[in-house]
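Topology and contacts: notes
Spelled out from the first residue to the last, the chains are:
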Amino acid sequence: MSDQWPDQRPAPRPLPGAPGGYGPPGAYGPPQFQEVSAGYRRWAGVLLWLTIAVAGLMVVAFVVSIVFLVKADADVDNAAYGYLAIFLWFGIAAAIPVLLALGVPAIVMKRRVRQQERLGHGGWASLS
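Residues numbered from 1 in each chain as written. Predicted model: local features only at pLDDT ≥ 70, side-chain atom pairs only at ≥ 80, totals over all residues. Heavy atoms only, no water.

The next thing to look at is the overall build of the chain. Looking only at helices and strands, one finds three helices and zero strands in the chain. A total of 128 residues make up the chain; the buried ones form 20% of that total. Considering only residue pairs separated by 6 or more positions, the chain has 60% of its internal contacts joining residues 24 or more positions apart. Per element, the accessible surface of the chain, about 10500 Å² overall, is 68% carbon and sulfur. (Helix = DSSP H or I, 4+ residues; strand = E, 2+ residues; numbered from the N terminus. Buried < 20%, exposed > 50% of the residue type's maximum accessible area, 1.4 Å probe, protein only. Contact = heavy atoms within 4.5 Å. Areas by Shrake-Rupley, 256 points an atom, 1.4 Å probe, with all protein chains shown as cover.)

Under the definition given, this model contains one aromatic pair. With a centroid separation of 5.3 Å and 35 degrees between ring planes, the pair formed by phenylalanine 68 and tyrosine 81 is classed as tilted. Residue phenylalanine 68 is found in helix 1 (residues 38–74), and its partner tyrosine 81 is found in helix 2 (residues 80–119); the two are separated by 13 residues along the sequence. One residue, arginine 112, lies across the ring of tyrosine 40, its end atom 5.1 Å from the ring centre. (Phe/Tyr/Trp six-rings, centres within 6.5 Å; stacked < 30°, edge-to-face > 60°. Lys NZ or Arg CZ within 6 Å of the ring centre and 35° of its normal.)

On the surface, Val59, Phe62, Val63, Ile66, Val67, Leu69, Val70, Tyr83, Ile86, Trp89 and Phe90 cluster together into a nonpolar patch covering about 1100 Å² of accessible area. If you list the elements that add at least two residues to the nonpolar patch, you get helix 1 and helix 2. Considering every element that reaches the nonpolar patch, the biggest residue donor is helix 1, with seven residues. Here isoleucine 86 shows up in helix 2. (Patch = residues over 30% accessible without salt bridge, like charges linked within 9 Å, V, L, I, M, F, W, Y side chains within 5 Å. Salt bridge = Lys/Arg side-chain N within 4 Å of Asp/Glu carboxyl O.)

A few words now on helix 2. In this model, helix 2 (40 residues) spans 57 Å end to end at C-alpha, consistent with the 58 Å of a helix rising 1.5 Å per residue. Within the span of helix 2, buried status applies to Gly82, Ala85, Ile92, Ala95, Leu102, Gly103, Ala106, Met109, Val113 and Gln116. Downstream of helix 2 by a residue or two, glycine 120 has a phi angle that is positive, lying close to 80 degrees. (Expected span 1.5 Å × (residues − 1).)

Moving on to the nonpolar core. Core analysis: the biggest nonpolar cluster contains 12 residues, these being Val36, Ala44, Leu47, Val54, Met58, Ala61, Ile92, Ala95, Leu102, Ala106, Met109 and Val113. Elements with a contribution of two residues or more to this core: helix 1 and helix 2. Element by element, the count of residues in this core is highest for helix 2, at six residues. Discounting chain neighbours no more than four positions away, the residues touching alanine 106 are Ala44, Leu47, Leu48 and Thr51. (Core = buried A, V, L, I, M, F, W, Y, C linked by side-chain atoms within 4.5 Å.)

Spanning 37 residues, helix 1 covers 54 Å between terminal C-alpha atoms, matching the ideal 54 Å at 1.5 Å per step. Of the surrounding elements, those touching the buried residues of helix 1 are helix 2.

Before going further, it helps to examine the confidence of the model for the chain. Interpreting fine coordinate detail is not advised for predicted regions of low pLDDT. With 72% of its residues at a pLDDT of 70 or more, the chain shows a mean pLDDT of 82. By mean pLDDT, helix 3 (residues 123–127) is the weakest element of the chain at 50, and helix 1 is the strongest at 95. (pLDDT = per-residue confidence, 0-100.)

Contact pair helix 1 / helix 2: the axes reach a minimum separation of 7 Å and the direction vectors enclose 155 degrees. When the axes of helix 1 and helix 2 are compared, the pair comes out roughly antiparallel. When the axes of helix 1 and helix 2 are compared, the crossing they make is left-handed. (Axes fitted to C-alpha atoms, helices over the stretch in contact; angles between N-to-C directions. Parallel < 35°, antiparallel > 145°, perpendicular 65-115°, else oblique. Left-handed = near helix turned anticlockwise from the far one by under 90°.)

Shown next as structure tokens:
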């Protein structure tokens, strides 16, 4: 180990101008607000309702699979219902990625739409 101190470097200077070339040189302000279009709001609602529909179908499939298991357990002649319940569980497992693929963008898009409406930038809030 050396007893020497590391070189003292000056603090980095800010880059000239705002990021992306917006505003006068040296001015750092809040990012420019991007309007959310009516189509974006519509797709946010469509994705949210599709997510709710897929989740509802998954709940119904789970309940039906439990009913099938009870029916299969009640009588040996109804053993095929157990296989139907397993088939439904595979369907539920396959639907989980679909639910996530619909739900995550729907939540992000709805949050952006609500933030725009809360700030009063467009949407139904600016029409009244």
